[in-house]
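The lines below spell out each chain.
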Amino acid sequence: MEEGALSCLLRSRPVLEQDIKASYLMDHMVSDGVLSGDEEERIRCKTTRREQAVALLELLLGKDNQAYISFYNALVRESYGDLANLLHTSLPLVSPEAHRSFSDGGTPRVQSVLREGGVPQRPVVFVQRPKLVNLLRQRLYSLLKEPGWVVLYGMAGSGKSVLAAEAVRDHSLLEECFPGGVHWLSIGQLDRPDLLARIQTLCFRLEQNQDLQGPGRTPSSLEEAKERLRFLMLRRYPRSLLILDDMWDISALKAFDIHCRVLLTTRDRSIADSVNGIRHEVEVESGLDEDKALEILAMYVNTKPQQLPEQARDIVQLCKGFPLVVSLVGALLRDFPDRWAYYLQLLQRKQFRRIRKSSSYDYDALDQAMDASFQVLPEEHRRLYRDLTVLEKDVKVPAKVLAVLWDLEPEEVEDILQDFVNKSLLFRDCHQRPYLYYLHDLQLDFLAEQNRTQIEALHANVVNQYQKYYSQRPPTSGDRESLYWFRFLTHHMAKANLTKELFSLMFSLDWVITKAQVVGPAHLINDYVEHGTMLDLENSEVRGQFQEFLSLTGHQLEQRPFPDVVQLALAQPHCSEVYKQALLQAREATSRGRLYFDWLNHSGVDSVSHLVVQPHLGSIYSACFSHDGSKIASCGASKMLRVFKSTSGEKLLEIKAHDDEVLCCAFSPDDRLLATCSSDRKVKVWNAERGALLRAFEEEHEEQINHCVFTNSPRCLLLATCSNDGFMNTKLWNLNKPSSQNTMFGHLEPVSHCSFSPDDAHLATCSRDGSLKLFGVSSANEWKSFNVKDLFLDCEEESEVHVKCSTWSPDGTRVICAARNAVFVFSVETAELLLEIQSSRRSTVQYIHACPTSSLLAIALSHYTVELWDLESNKKMADLSGHLSWVHGVQFSPDGSMLLSCSDDHTIRLWETRRVHTSSAVRLKRDTSVLFHGDRITVVAADNCNRLQVREGRTGEVMFQSEEQPSRIRCTCVNTETSMAALGREDGTVQVLEVPSGASLAVLKGHTRTVLHCCFSRDGHTLVSSSEDGTLRVWRWRTGECKVLQGHKEQVRCFTLLYNPDAQLLSWSYDGTLKLWEVVSGAQLQDVEAHHQAILSCHVSPDGRLAATTSADHTAKLWSCESWQCVQLLQGHQDCVRCCRFSWDSQRLATGDDNGEIRLWNVRDGSLAKICAREGKDAMDSLHGGWASDLHFSPDDALLVSVGGYIKWWDVERGEALQTFYPRGANLKRIHVSPDFSTFVTVDNIGILYVLQRVE
C-alpha cells in the first residue's frame, strides 16, 4: 500500500473503529476480490461490532492499494460520507470508483463544500430522480431569505438520504442560498449520550473549519451543546444548511431547533410539528418507476436494461420498485449473477431474512429495517397496526372499516391512522373523500411474515367484528365502507377458515342480490371461482348452480335500473338451489302485490354459454384471449380498450384508446403488450398491465386500420396491420423503430384481415379484391395468391366478393378464409382447395378462427349465431345461439377449452367447447299457435328440422311430430273445438293435420307464393289463409272448395275473422290498404286506403265499434267499423308502429314501435294517456330489447304485457314496468296469453319455448 494511503488509514483508524459496521463493508470487499471468504469469516467470528471493525482495519493495513480503494468505495456505497472524506485525499491515483462517485457531482467548488460538510457521495450505483430532486431544490430555495425547515419524509428504504445529498449537489443553490456551506449529520435512533456526542463532533468540525479557538471545555450537556451549535450557526455560518439525516425522535429534533436552515429526512412526518419556524414538506414516493428500477439492476450486473432476464421485471413489479429492495437484490446479483430466479423466489415467499447484504441501514436484513419503524409505536398502536395484516395488496380502505375492526369511534381511528401515515407506516390517498388508506406491498409482506401463525385469528376477528356491527343487515349505502365489506368479507371468511359462515353467506340469494347491486356481478363470480375448492367441500352442486346463474345473467346485473334478481333466478332449472330460494321469496312478495313469473318448461332447456360479459356500451368489434388464457381484451364502438378476467369478467384495465371506433386489439405473445387499431388511422401499443401508451404509429396508414396482430413468438416480435388504403395497405412494424419495417404490395383494394402462420414465416391477407394472399414475412414479397372470387360460379364480373378473414390450421399446412356465406380450406403447399363449407342459413360469415389444439373451426355469422365445424370430418358439431345481434368475432383460448364470441349486442360470450359439441336440442320457430284448456296448454309450432310439433306446454313433452315437410313451414294454427292443426308453407301449400295422430286430412294448393298466415273459423269447417302473392283464400277444407279474395297489391301478412253477427274478414297489407270481406260469398265490403306506407298491425275493439291500424309511417289510426272513416290520428311515435291492442273495455289503445316504446292512448279523444318506457336504452339501442311486437291487456285492464327483446308487464294507470322476463334469445314475435292472464307463451329467435305462469 502506498505510504500516503497507509498513513491516512493509521490517522483515521480510531474514528473508523468507532463508527463503521464491518459486516456491511466486507460484502463489497469480498465482491471486489480484495477479501477472501476465510478472512471474512474470521472477522465475523468476533463478538462485538467494534471488535469486528478493529480486525478488519488490522487486516487492511497489510494489504495493497486496491484494498484501500475497495474499502473507500465500500464506505461511499454505504453512505459513510464523512468517513470516506477522511480517506479521499490519500486515494491512490488509480481510482475509477472514486472518479465515478463524484462524476456529474457539480463544480470543484460544490465537491469541496459537500466534502467539507460530510455530505455522502453518490452511491456507485445511482440513477437520477429529477422530479423529486427538482421539487426538493425548490423547497430549499424557499429558505433563501429566512431560516426554516424542509422536511423530506417517506418510508424506510425509499431513498431519502440519497435524494437529500443529490439536491444540494447544485452550484447555484449553494451560491445563492447556502454560501456558508452544508453540514451533514446522521442521527438515527440515538440515546441522549450518543446524540450529545454527535452534536459535539459537529461543533468541533465547524470550529475547525473556521480556525476558531473553541471554549476551554467540550459541552457536557445537550442544552450546552445546543447553545454552542446555535452560536456557531447564527454567528459563524448564518447562511448555511444543516442536514439532519434519518431523524426519529422529537426530543432529538428539539436539540436542533436553533433558528437556522435545516433539511430534515425522516420516516415520521409529524416530528417536525414540534419545532418553530416555517416548514416545507416533500414526500418521497415509495417506489421507482419500472425503467429506473431496471436501470439500477442493470448497473449492478453491468449490462443494459434491455438485456436483463424476464425475472428482473418480475422482481421490480413484486417490490413495486422499492429502492431498498432493488438495491439489495442488485448487490446480491452482482456477486451471483445467475441467481435471478432464486432471489425472485425469496421475494415471492416473503423470506426477507434471506435478502441480506450490507446497506446504509443499521440492520442485518430487510425485515429488520422495516421492523425498526414498527417498534417505535406505542404497544397499543402496535396491536392495531398488526390487525392491518389482513388487508389485501393494492386495496385502499376508508377509516370507517377500521372503526368496525377496532371497535373505535371514526374520529379516534383517523387520529391513529394519521400517526401511522406520519411515521410512513401507512399511505393515504388524499384524492378521495373520505380519505383512503393503504399499505405498501412490502409492509404487507412484512406483517404477513411477522404474524404468519396468527393469520387465521386476525381474519376471524375481522369477520366477528363485522357480524357484531352489522347483525341486523349488511351495509347497502354504496359508499367506500360498504364496497369494502361486499368485496372482501368472503375473503376474510375463507382466510379465517370459517367454512360454515362462508357456505351460509355464498349460498344465499339475499347475499347475491345485495352484493350484485352494490359491487356488480364480476366480483361475485370471482368469489365462486376463488373459493370454489372450499365451497365444494360443502356442496359442489350448489356452488356450480350459483356460479352458473351469475355467469349467465351477469351482463343483465350490470344494467341500470337494476333488474329483479328474484325474477332472473326463477328462470333457473327447478332443481337449482337458486330457483328454490327465488320461488320462496317470490311467493312471499306476491302476497304484497308484486308480480313474479315461473318458467314452467325450463327443464328441457340447457344453456351452453359459460359466461356472458358486457364490457362496453356499444358494439364490440374485436376480442381476444391473452396467451395464458387468464385475460380477455375487447374493443369496439365505445373507443375504449378493456381487459378483464376470463373466469369472472372482473375488469382489470380500461383505456380511452382512440378518438374513433377501435376495430381490433391483440396481445403480444408474452402478454406484456396490447396493440389496437382504429378508424382514426392510428396504431397504438400499450403496456398490458398498467395501460400506459408505449408507441403510437400515426403517419403511414391514410385510411381506417381494420386489423392488427402480433407474431406468435416473442423471439422476433413484429406487429402486422392492414387497412382500407388502396395500395400500401399491409404493413409490418418493429416496435423499436419509429416507422414501419416493411410494406406488403399486392392487393389493390382494402385489406380487411391479416394473420401470421404458426411459425411466423408467412402472413395471410384478405381483401375486397376477392383474393387471399400469402406473403413471406422476412422478404415482404408475395408468395402465393388464391383467387377466391372464382369459386363463386354465379358471381358476375363486376360484383364484389369480399374475403373477410383468414386463419391457419395448427400445423400451418392449411390456410382457411371466409367470403360471403362460405368458408374455404386450401393446402398451403399446393394451393389446392381441400374443403368448402357453406353456411346453412341466409347469412354472411363475419369471422373464423381455427382451434390451436384440435381440428375445430369456429364460424361467426351475421344471423346472431356461431357454428362449430370439424375440419377433419367436414361435419357441423354445434350451433351456438344466444347473441342478440351480429357476431363480429370468435377466438379459441390457447388450450382450446374455451371459445369467445363478441357481438353488436354489447356482449362477449364464453363457451366451453366440450359442452357445445353434443348440443343438438330441437328448436321451434316463432310462428306458433297455442290453446289453453283449463290447466292444459297445447303449443303448435314448426321446429328447426321443418316438422310440425304439438307440445304439452307445461312439461315441454312432444305430443305429436310430423314428418319433415318438403317446403319450409311459415305459419301454423290449431282449432279450438276440433283436434286439427294447419300449416302454411313457402311453396304456397296449406296442409291440415289431425292431432295427435298426425294424419294428413287435406292438402290445399292455390297460393303461388309463401303462405304467411292461416286461421280456422270457430266451427273448424272453414280455413282462411293469406300469402305473399297478395291474395286471401277461404277454404272449405274438407271438400277443397276455395274462394279467392283478390284486391291487395302487396303481401297480406295477417287478417282477423269478425262475427257481427255474420262472418266477416278484415285484412291489411303492405300496400297500406285495409279491406273488409264477407266470408261466405267472398265479396269485398270495404276498401280503405288507410296509410301511405305498409300497415304492420290491426286490431278491432272488443265492442266491435272501432278498428286500430299501425304503420311504417310512424302513426296509428282509429277507424269507425260502421263508416270506415278515420276518427282519430295518433301521432308521436318516432319509429315504425309495429303493434296495437285495445283494452277489454275498449277505452284505451296500446301501441308499440320499433324503438321499443309503448304508448297508451285514450280512445274517446285520441289523447296520449301514458308513455311506458324505461329510463334508458339497452344493448339493442331500444327501450324493449328490440321492436315492441305484441301487446295484451289483462281482463281487468289494470295490467299490460308486451314483448320485444324481452317480456314486460306494466301498470296501466301509472305506465310503470312491474316486471321483466329476459329470454335466452331475442326478437320475440308474439305472445299468447291465457284468458285469466296467468299464463304466457312465446318463442324466441333461437327457438326456445317459454311457458310462464304467474307465481301465486
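Structure: above.
Computed from a prediction, not measured in an experiment: that's the story for all the values here.

Undergrad: Provide a residue-level description of the overall build of the chain, including the pertinent values.
TA: The helix and strand inventory of the chain stands at 32 helices and 68 strands. By its C-alpha atoms, the chain is 140 × 75 × 55 Å across when sized along the principal axes. In the chain, which comprises 1256 residues, the proportion classed as buried is 59%. Carbon and sulfur atoms make up 45% of the accessible area of the chain, which totals about 51700 Å². Distance between charge centres in the chain, computed from 136 positive and 165 negative side chains, equals 3 Å.

Undergrad: Tell me about the nonpolar core, residues and numbers included.
TA: Nonpolar side chains tend toward joint burial in soluble globular proteins. Among the nonpolar cores identified, the biggest contains 126 residues, and Y385, L388, W406, L417, F420, L509 and F549 are the most heavily contacted of them. At 8 residues, the largest contribution of residues to this core is made by helix α17 (residues 323-335). If we ignore the near neighbours within four places in the chain, the residues touching L388 are L402, W406, F420, L426, L439, L444 and L447.

Undergrad: Quick one: what's the story with the side chain of Q965, residue by residue and with numbers?
TA: Among the secondary structure elements, Q965 is positioned in the loop between β41 (958-961) and β42 (969-974). At 2.8 Å, the side chain of Q965 and the side chain of R985 are in polar contact. Excluding residues within four positions of it along the chain, Q965 makes contact with N946, L983, R985 and Q991.

Undergrad: Now, about the sheet that holds strand β4 (residues 261-266): what can you tell me, with residues and values included?
TA: In a beta sheet, neighbouring strands pair by backbone hydrogen bonds and run either parallel or antiparallel. With respect to topology, 5 strands assemble into an open sheet ordered β2-β3-β4-β1-β5, the strand pairing being parallel. Of all strands in the sheet, those with a lone pairing partner are β2 (182-188) and β5 (278-283), marking the two edges. Pairs of neighbouring strands in the sheet enclose a mean axial angle of 15 degrees, with direction left out of account. Direction of pairing for β2 relative to strand β3 (residues 241-247): parallel, over a ladder of 6 bridges. Residue pairing across strands places H183 opposite L242, the latter belonging to β3.

Undergrad: Which residues make up the state of the cysteines, and what are the values?
TA: Per the stated rule, a full pass over the model turns up 0 disulfides. The thiol of C665 is unpaired, and the distance to the nearest cysteine sulfur, on C635, comes to 3.7 Å. You can see C902 has no disulfide; the closest cysteine sulfur is in C635, sitting 8.1 Å from it.

Undergrad: Hey, could you go over unusual backbone geometry for me, with residue numbers and the actual values?
TA: Trans is the common state for peptide bonds, and a negative phi is the common state for residues other than glycine. At K639, a residue that is not glycine, the phi angle is positive and equals roughly 70 degrees. Structurally, K639 is set in the loop between β12 (631-636) and β13 (640-645). Taking the relative accessible area as the measure of exposure, K639 reaches 31% and is therefore partly exposed.

Undergrad: Mind laying out the side chain of D943, listing which residues take part and the relevant values?
TA: By the secondary structure assignment, D943 is in strand β39 (residues 936-943). Since its relative accessible area comes to 0%, D943 is described here as buried. Here the side chain of D943 touches C945 through a polar contact of 2.9 Å, landing on its backbone nitrogen. Here the side chain of D943 touches R947 through a polar contact of 2.8 Å, landing on its backbone nitrogen.

Undergrad: Summarise helix α2 (residues 22-32); cite the residues concerned and give the values.
TA: Most of α2 is tucked away: 8 of the 11 residues are buried. The secondary structure elements touched by the buried residues of α2 are α3 (37-44), α4 (49-61), α5 (65-77) and α17. Of the residues one or two after α2, G33 is the one with positive phi, at around 85 degrees.

Undergrad: Would you mind going over the packing of aromatic side chains in detail, with residue names and values included?
TA: This model, assessed by the stated rule, comprises 26 aromatic pairs. Residues Y469 and Y470 carry aromatic rings whose centres are separated by 4.9 Å and whose planes lie at 75 degrees to one another, so their mutual orientation is edge-to-face. Assessed through its relative accessible area of 54%, Y469 is described here as exposed. What makes Y470 buried here is its relative accessible area of 15%. Pairing F792 with F824 gives two aromatic rings, centres 5.6 Å apart and planes at 85 degrees, and the pair type is edge-to-face. With F792 in the loop between β26 (782-787) and β27 (803-808) and F824 in strand β29 (residues 822-827), the pair connects residues that are 32 residues apart, well separated along the chain. You can call F792 buried: its relative accessible area is 9%. By the ring-pair criterion, three or more aromatic residues cluster together here, those being Y466, Y469, Y470, Y484, W485 and F488. One residue, R339, lies across the ring of F336, its end atom 3.8 Å from the ring centre. The ring of Y438 has K396 sitting right over it, with the charged end atom 5.0 Å from the ring centre.

Undergrad: Residue-level account of the pattern of salt bridges, with values.
TA: Tallying each qualifying case throughout the model produces 62 salt bridges. R672 is the salt-bridge partner of E310, the closest N and O atoms lying 2.7 Å from each other. Linking E310 in helix α16 (residues 310-319) with R672 in the loop between β15 (662-667) and β16 (673-678), this pair joins segments that are 362 residues apart in sequence. Relative accessible area serves as the criterion here: at 49%, E310 is assigned to the partly exposed category. Residue class for R672 comes out partly exposed when judged on its relative accessible area of 22%.

Undergrad: So what about the packing of α5 against helix α6 (residues 81-88)? Which residues, and what values?
TA: At a minimum axis distance of 8 Å, the contact between α5 and α6 shows a crossing angle of 150 degrees. The pairing of α5 with α6 is recorded here as roughly antiparallel in orientation. The crossing of α5 and α6 is left-handed. Taking contact as the criterion, the partners of Y68, F71, Y72, L75 and V76 in α5 are, on α6, L83, A84, L87 and H88. Looking at the contact of α5 with α6 residue by residue, the classes come out as 8 nonpolar, 1 polar and no charged.

Undergrad: Break down the environment of C319 for me, citing the residues and quoting the values.
TA: Position of C319 relative to the elements: it lies in helix α16. Owing to a relative accessible area of 0%, C319 belongs among the buried residues under this scheme. Note: C-alpha distance between C319 and L288 (31 residues apart in sequence) is 9.9 Å. Setting aside residues up to four positions removed in sequence, C319 forms contacts with V325, V326, H440 and L442.

Undergrad: A description of the sheet that holds strand β48 (residues 1032-1036) should follow, citing residues and the corresponding values.
TA: The 4 strands are arranged β46-β47-β48-β49 in an open sheet whose pairing can be described as antiparallel. Sheet topology places β46 (1011-1016) and β49 (1041-1045) at the edges, where each strand pairs with a single neighbour. Strand-to-strand twist of the sheet, defined as the mean angle between neighbouring strand axes without regard to direction, takes the value 20 degrees. In terms of strand pairing, β46 meets strand β47 (residues 1022-1027) through 5 bridges, oriented antiparallel. Directly across from C1015, in β47, lies its bridge partner V1024.

Undergrad: So what's going on with a nonpolar patch on the surface? Residues and values would help.
TA: On the surface, a cluster of nonpolar side chains totalling about 410 Å² of accessible area is made up of F727, M728, F745 and L748. Among the structural elements, M728 can be located in the loop between β20 (719-723) and β21 (730-733).

The rules behind the values
- Residues numbered from 1 in each chain as written.
- Predicted model: local features only at pLDDT ≥ 70, side-chain atom pairs only at ≥ 80, totals over all residues.
- Heavy atoms only, no water.
- Helix = DSSP H or I, 4+ residues; strand = E, 2+ residues; numbered from the N terminus.
- Buried < 20%, exposed > 50% of the residue type's maximum accessible area, 1.4 Å probe, protein only.
- Areas by Shrake-Rupley, 256 points an atom, 1.4 Å probe, with all protein chains shown as cover.
- Lys, Arg positive; Asp, Glu negative; His and termini not counted.
- Charge placed at Lys NZ, Arg CZ, Asp CG, Glu CD.
- Core = buried A, V, L, I, M, F, W, Y, C linked by side-chain atoms within 4.5 Å.
- Contact = heavy atoms within 4.5 Å.
- Polar contact = N/O pair within 3.5 Å; in protein donor to acceptor, adjacent residues only side chain to side chain.
- Pairing = 2+ DSSP bridges.
- Axes fitted to C-alpha atoms, helices over the stretch in contact; angles between N-to-C directions.
- Disulfide = S-S within 2.5 Å.
- Phe/Tyr/Trp six-rings, centres within 6.5 Å; stacked < 30°, edge-to-face > 60°.
- Lys NZ or Arg CZ within 6 Å of the ring centre and 35° of its normal.
- Salt bridge = Lys/Arg side-chain N within 4 Å of Asp/Glu carboxyl O.
- Parallel < 35°, antiparallel > 145°, perpendicular 65-115°, else oblique.
- Left-handed = near helix turned anticlockwise from the far one by under 90°.
- Nonpolar A, V, L, I, M, F, W, Y, C, P; charged D, E, K, R; others polar.
- Patch = residues over 30% accessible without salt bridge, like charges linked within 9 Å, V, L, I, M, F, W, Y side chains within 5 Å.

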